[in-house]
Amino acid sequence: MEPVRFGLVGYGFGGRYFHAPLLAAAPECALLGVVTTSAERRELIGRERPGTATFDSLEALAAAGAEAVSISTPAGTHTELTDRALDLGLAVVCDKPFALDAAAAWASVERAERLGLLLAPYQNRRVDSDFRTVRALVEEGRLGTVTRFESRFERFTPDPGPAPAGGGTLLDFGSHLVDQALVLLGPVTSVYAEWRVRESGLDDDVFVSLTHASGARSHLAGSWSEGAPGLRFRVTGTAGSYVVDGPMDVQESMLLAGETPATLGDAWGAEPEERWGRLRRGDDGEVVPTLRGRWDTFYPGFARAVRGEGPLPVTARDAVVTATVLDAARRSATEGVVVRL
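Criteria and thresholds
Residues numbered from 1 in each chain as written. Predicted model: local features only at pLDDT ≥ 70, side-chain atom pairs only at ≥ 80, totals over all residues. Heavy atoms only, no water. Helix = DSSP H or I, 4+ residues; strand = E, 2+ residues; numbered from the N terminus. Rg over C-alpha atoms; globule rule 2.2 N^0.38 Å. Buried < 20%, exposed > 50% of the residue type's maximum accessible area, 1.4 Å probe, protein only. Axes fitted to C-alpha atoms, helices over the stretch in contact; angles between N-to-C directions. Parallel < 35°, antiparallel > 145°, perpendicular 65-115°, else oblique. Left-handed = near helix turned anticlockwise from the far one by under 90°. Contact = heavy atoms within 4.5 Å. Pairing = 2+ DSSP bridges. Disulfide = S-S within 2.5 Å. 1 Å grid on protein atoms, 1.4 Å probe; cavity = no way out; pocket = protein on both sides within 12 Å on 5 of 7 lines; lining within 4 Å. Points joined across faces, edges and corners; volume = space filled by probe spheres on them. Nonpolar A, V, L, I, M, F, W, Y, C, P; charged D, E, K, R; others polar.

Quick look at the overall build of the protein
Okay, so step 1: The number of helices and strands found in the protein is twelve helices and 15 strands.
Okay, so step 2: Rg of the C-alpha trace for the protein: 20 Å, near the compact-globule value of 20 Å for 341 residues, within the 12% margin.
Okay, so step 3: Dimensions of the protein, computed from C-alpha atoms along their principal axes, come out at roughly 60 × 45 × 40 Å.
Okay, so step 4: Classification of the 341 residues of the protein by burial places 50% in the buried group.

Next comes the structure, spelled out in structure tokens:
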């Protein structure tokens with residue numbers, strides 16, 4: 001198919017290390033240029049991506065022939081930029097958090113649907129290596145009926161703590177943690193949360209407990225100040241538990257090292273054996289080979305959807321559901337109550 005002409009808005013950490021390399025590596029996408037008003041980042045783009053155009057505005061990007069845009073800017077700008085891009089006739093991928101609250105998320109979804117344009121949240125963590133393996137084990141019935149899902153994004157960088165651009169740990173890490181829980185276990189009926197808010201006004205440590213309509217529970221933790229990070233996953237079912245202990249999915253470190261799906265081919269997203277998880281039944285256990293991480297499928301899937309050749313990899317309405325749960329968690333943490341949905 002003809003590649004979709006993509007623009008990228010923002011060239012901070014996410015745009016530079018995640019979105020630009022994955023867009024450039026996807027044959028279904030043509031990276032037209034980057035929107036940034038920073039002279040320093042324009043110079044950086046010139047060094048790292050020679051020949052890549054830079055633009056002062058979304059309007060200039062659209063006038064240059066862009067068909068779609070990926071937004072990777074501070075959280076507080078996501079809704080404004082998403083809506084402006086839609087009004088310019090562009091299909092939009094917006095990084096997490098998709099919006100600061102569910103009302104803003106829903107307004108953008110309605111706008112996209114009214115204009116007949118595609119809109120998707122960038123939920124790349126759905127195709128993390130370890131989470132793909134979790135889903136496969138559940139779908140194959142190897143855990144029996146899942147009763148509890150434990151998931152953690154924890155690190156130890158208390159100084160300076162979470163960056164303001166992410167909007168705090170609940171929004172930044174929670175957007176992925178909650179989305180994964182919803183994908184695995186379905187709708188939520190109640191939410192309980194705890195958090196610690198730093199002098200910066202941002203929460204740097206959060207715990208969220210979800211009760212799903214199925215009766216299963218999710219225990220989700222995100223932290224910038226955990227000196228002893230816990231298990232990445234412990235998924236408990238009536239027939240056993242799957243445990244992943246160790247660093248997060250390898251794809252991030254691959255990108256930070258300058259590797260891409262184009263340079264690594266079938267080695268992209270492959271976890272070394274020492275990082276594989278275990279299926280446990282009391283004292284008995286077995287190592288389970290971890291499936292490859294597939295962040296390289298998101299942009300090709302979105303491009304095919306733009307061309308009318310396939311579904312969106314993630315729907316924007318999913319982002320509204322995630323934002324609704326995060327709103328409830330914020331209220332629970334603030335008021336000390338269980339919030340019913």
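Section: unusual backbone geometry
Okay, so step 1: Here the bond from lysine 96 into proline 97 is cis, since omega is -10°, no more than 30 degrees from zero.
Okay, so step 2: Within the secondary structure, proline 97 is located in the loop between β5 (91–94) and α5 (102–115).
Okay, so step 3: A cis amide bond, omega 15°, links aspartate 159 with the succeeding residue proline 160.
Okay, so step 4: If you trace the backbone, proline 160 turns up in the loop between β7 (146–154) and α7 (169–172).

Re the packing of helix α6 (residues 129–139) against helix α8 (residues 174–185)
Relative orientation and spacing of two packed helices are given, respectively, by the angle between their axes and the distance between those axes.
Okay, so step 1: Between α6 and α8, the shortest axis-to-axis distance is 11 Å and the interhelical angle comes to 20°. Accordingly, the angle class assigned to the pair α6 and α8 is roughly parallel. Note that α6 runs across α8; the crossing there is right-handed. Contact residues: Phe131, Val134, Arg135 and Val138 in α6; Gln180, Val183 and Leu184 in α8.

Structural notes on the pairing of strand β10 (residues 217–223)
Okay, so step 1: Burial of β10 is extensive: five of the seven residues sit out of reach of the surface.
Okay, so step 2: Here seven bridges tie β7 to β10, and the two strands are oriented parallel to one another. Residue pairing in the sheet places glutamate 154 in a bridge with serine 223 of β10.
Okay, so step 3: Two elements, strand β9 (residues 203–212) and β10, share seven bridges in a ladder whose sense is antiparallel. Across the sheet, the residue bridging to leucine 210 is serine 218, located in β10.
Okay, so step 4: Once β9 ends, the chain turns through four residues before running back antiparallel as β10, passing glycine 215 with a positive phi of about 100°.

Here's the deal with the state of the cysteines
Okay, so step 1: Using the criterion set out here, one finds zero disulfides in the structure.
Okay, so step 2: Its sulfur unpaired, cysteine 29 is 17 Å from the next cysteine sulfur, which belongs to cysteine 94.
Okay, so step 3: A relative accessible area of 0% places cysteine 94 in the buried class.

Brief notes about the sheet that holds strand β6 (residues 119–121)
Okay, so step 1: In spatial order, the strands read β3-β2-β1-β4-β5-β6; together these six strands make up an open sheet with parallel pairing. Of all strands in the sheet, those with a lone pairing partner are β3 (53–55) and β6, marking the two edges. In this sheet, adjacent strand axes meet at a mean angle of 25° when their direction is disregarded.
Okay, so step 2: Across three bridges, the pairing between β5 and β6 is parallel. Its bridge partner lying in β6, valine 92 is registered against leucine 119.

Observations regarding empty space enclosed by the protein
Okay, so step 1: One pass over the structure, following the stated rule, counts three cavities of 30 Å³ or more.
Okay, so step 2: When its volume is computed, the largest cavity comes out at roughly 110 Å³.
Okay, so step 3: Along its surface, the largest cavity is lined by 15 residues, and Phe98, Ser175, Ala319, Thr322 and Ala323 are the ones closest to its centre.
Okay, so step 4: Every element with two or more residues in the lining of the largest cavity is listed here: α8 and α12 (316–335).
Okay, so step 5: Estimates place the volume of the second largest cavity at around 70 Å³.
Okay, so step 6: Lining the second largest cavity are Ser129, Asp130, Tyr242, Val244, Asp245, Gly246, Pro247, Asp249, Glu271, Arg275, Gly277 and Thr290.
Okay, so step 7: Elements represented by at least two residues in the lining of the second largest cavity include exactly α6 and β12 (240–244).
Okay, so step 8: Partitioning the lining of the second largest cavity into residue classes produces three nonpolar, four polar and five charged.

Let's talk about the environment of glycine 12
Okay, so step 1: Tracing the chain through its elements places glycine 12 in the loop between β1 (4–9) and α1 (13–25).
Okay, so step 2: Using a relative accessible area of 16% as the deciding quantity, one classes glycine 12 as buried.
Okay, so step 3: Separated by 62 residues in sequence, glycine 12 and proline 74 have C-alpha atoms that sit 9.0 Å apart.
Okay, so step 4: If we ignore the near neighbours within four places in the chain, the residues touching glycine 12 are Tyr17 and Arg41.

Thoughts on the layout of surface pockets
Okay, so step 1: Here the largest pocket is characterised by a volume of approximately 1,000 Å³.
Okay, so step 2: As for the largest pocket, its lining consists of 42 residues, of which Phe13, Gly14, Ser72, Thr73 and Ala165 are closest to the centre.
Okay, so step 3: Mapped by element, the contributors of at least two residues to the lining of the largest pocket are α1 and α4 (78–87).
Okay, so step 4: Its residues placed into classes, the lining of the largest pocket shows 17 nonpolar, 15 polar and ten charged.
Okay, so step 5: By volume, the second largest pocket is sized at about 190 Å³.
Okay, so step 6: Considering the residues around the second largest pocket, the lining is formed by Arg125, Phe153, Glu154, Arg155, Phe173, Gly246, Pro247, Met248, Asp249, Glu252, Ser253 and Arg275.
Okay, so step 7: Partitioning the lining of the second largest pocket into residue classes produces four nonpolar, two polar and six charged.

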